[in-house]
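Descriptive structure summary
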Amino acid sequence: MDVVAVDIGGTHARFALAQVEGGRVVALGEPMTQKTAEHASLQTAWEAFGAAHGKPLPPAVAISVASPITGDVIRLTNNPWVIRPSLIAARLGANVHTIINDFGAVGHAVAQLPQEDFDHLCGPDEPLPALGVTTVCGPGTGLGVAQVFKTADRYHVLSTEGGHVDYAPLDGIEDAIVKRLRKSFTRVSTERVCAGPAIVAIYETLAELEGRAVPSRDDRAIWTEALEGTDSIALAALDRFCLALGAVAGDLALAHGAKGVVIAGGLGLRIKDKLLRSGFDHRFVAKGRFQSLMAAIPVKLITHPQPGLFGAAAAFAQEHTGTQHI
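My aim in this report is to walk through the structure given alongside it, one point at a time. Please read these numbers as outputs of a predicted model, since none were measured by experiment. (Residues numbered from 1 in each chain as written. Predicted model: local features only at pLDDT ≥ 70, side-chain atom pairs only at ≥ 80, totals over all residues. Heavy atoms only, no water.)

1. Here's the deal with the overall build of the protein
Counting its regular elements, the protein contains eleven helices and 14 strands. For 326 residues, the compact-globule estimate of 2.2 N^0.38 gives 20 Å, and the C-alpha radius of gyration of the protein, at 20 Å, lies within 12% of that figure. Each of the three principal axes of the protein carries a C-alpha extent, and together these read 60 × 45 × 35 Å. Counting all 326 residues of the protein, 52% fall into the buried class. Sequence separation of at least 24 residues holds for 69% of the intrachain contacts in the protein that already meet a minimum separation of 6. Surface accessibility of the protein: about 14,200 Å² in total, with carbon and sulfur atoms responsible for 51%. (Helix = DSSP H or I, 4+ residues; strand = E, 2+ residues; numbered from the N terminus. Rg over C-alpha atoms; globule rule 2.2 N^0.38 Å. Buried < 20%, exposed > 50% of the residue type's maximum accessible area, 1.4 Å probe, protein only. Contact = heavy atoms within 4.5 Å. Areas by Shrake-Rupley, 256 points an atom, 1.4 Å probe, with all protein chains shown as cover.)

2. Overview of the pairing of strand β5 (residues 60–65)
Each regular strand displays side chains that alternate between the two surfaces of the sheet. Counting buried positions along β5 gives six out of six residues, so the element sits mostly inside the fold. Residues Ala60, Ala62 and Ser64 of β5 are buried on one face, and the alternating residues Val61, Ile63 and Val65, pointing to the opposite face, are buried as well. As paired elements, strand β1 (residues 2–8) and β5 share five bridges and run parallel to each other. Opposite Ala5, over in β5, you have Ala62 as the bridge partner. Pairing analysis gives six bridges linking β5 to strand β8 (residues 96–101), with the strands arranged parallel. In the sheet register, Val65 faces β8, and the bridge partner there is Asn101. (Pairing = 2+ DSSP bridges.)

3. Thoughts on the nonpolar core
The biggest cluster of nonpolar side chains holds 48 residues, and the ones touching the most others in it are Phe241, Ile263, Ile271, Phe280, Phe284 and Val299. With twelve residues, the single largest contributor to this core is helix α7 (residues 232–256). Not counting residues up to four positions away in its chain, the partners in contact with Phe280 are Leu121, Cys122, Cys242, Leu243, Leu245, Gly246, Ala249, Ile263, Leu275 and Val299. Among the nonpolar cores identified, the runner-up in size contains 31 residues, and Val25, Ala109, Val148 and Val262 belong to it. (Core = buried A, V, L, I, M, F, W, Y, C linked by side-chain atoms within 4.5 Å.)

4. Looking at the packing of aromatic side chains
One pass over the full model with this rule turns up three aromatic pairs. Each ring, one from Phe15 and one from Phe49, has its centre 5.4 Å from the other, and the planes form 25°; the classification is stacked. Here Phe49 lies in helix α1 (residues 42–53) and Phe15 lies in strand β2 (residues 12–21), a separation of 34 residues in the sequence. Summarising the burial analysis for this pair, Phe15 and Phe49 share the class buried. Ring centres of Phe280 and Phe284 lie 6.4 Å apart, and the angle between their planes is 15°; on these two criteria the pair is classed as stacked. In this pair, Phe280 and Phe284 are both assigned in helix α9 (residues 280–285), four residues apart and thus about one turn of the helix distant. The pair Phe280 / Phe284 is uniform in exposure class, with both members buried. (Phe/Tyr/Trp six-rings, centres within 6.5 Å; stacked < 30°, edge-to-face > 60°.)

5. Side note on the pairing of strand β11 (residues 143–150)
When you tally the buried positions in β11, you get seven out of eight residues, the bulk of the element. Sheet topology places strand β10 (residues 132–139) next to β11; eight bridges connect them, and they run antiparallel. When the bridges of β11 are listed, Gly138 appears paired with Gly144. Linking two consecutive strands that pair antiparallel, namely β10 and β11, is a turn of three residues. Of the pairings in the sheet, the one linking β11 to strand β12 (residues 155–159) comprises five bridges and is antiparallel in character. Bridge assignment links Lys150 to a residue of β12, and that residue is Tyr155. In textbook terms, the turn of a hairpin is the stretch between consecutive antiparallel strands, and for β11 and β12 this stretch comprises four residues.

Structure (structure tokens):
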């Protein structure tokens, strides 16, 4: 069965054709990426994809969105588009659809992708667990969180809004970061410290602690300087970001009772080398009396280039082409 897979984030919307059968993704075509700011709605972006495809799109769609899936009006967390599931058939010409939270989709990708689509970050260098819970989290425009629960013959994906739980600072520098953020946000969630835009507050806090006057700049500029190593404060901010992400990933694993953890998100793959050298692993296991338990959890980085698209198609396959069996 052919289906259009769509992955809508805060900044980009990605489209691809997929083939699904028997609860699984058989093939995923070449993706087309569009900036959400350049389109008025999902419908106009869909039409642009259809025009680029050059022939009628299949009447089936799998949509991953960066938002809770509730009611008949879905408002994206970091994107002005509004999606109304009841109008999908009329607006997109798709009479069969699946809509899933973006990190719920990544959870489906984690459940279906082979082990070679994951790189080892820390903990035991072994495959993800065949039974029990795997926590999936990752930074992008926001911080996505999901759970994959595997039993002997199937899996279940639980979408969550875990990126919006309160952030817990662990030292004086993180206290200063939270204090700065509280000037703009009464409540500081983990997403304010562990998502792409957070690098600005981290950078400005570190500069202030050193008494440096720095020009105002956006998160993209700081990320570029950090990854290229051309600005020492930006590089320090990246290290601090990785430390915070390690602590949050460990907290989520504890809360979920996880036996494995996967780091995903648009930013995760870009900072892979930094994660391996930053102290991420130390912060992940530094949970007091539970340090030995944390040290036994394998932590992976998903390396598939389009886990959101693959996962949206996988969710559609599970719902419409037969229950997925492991």
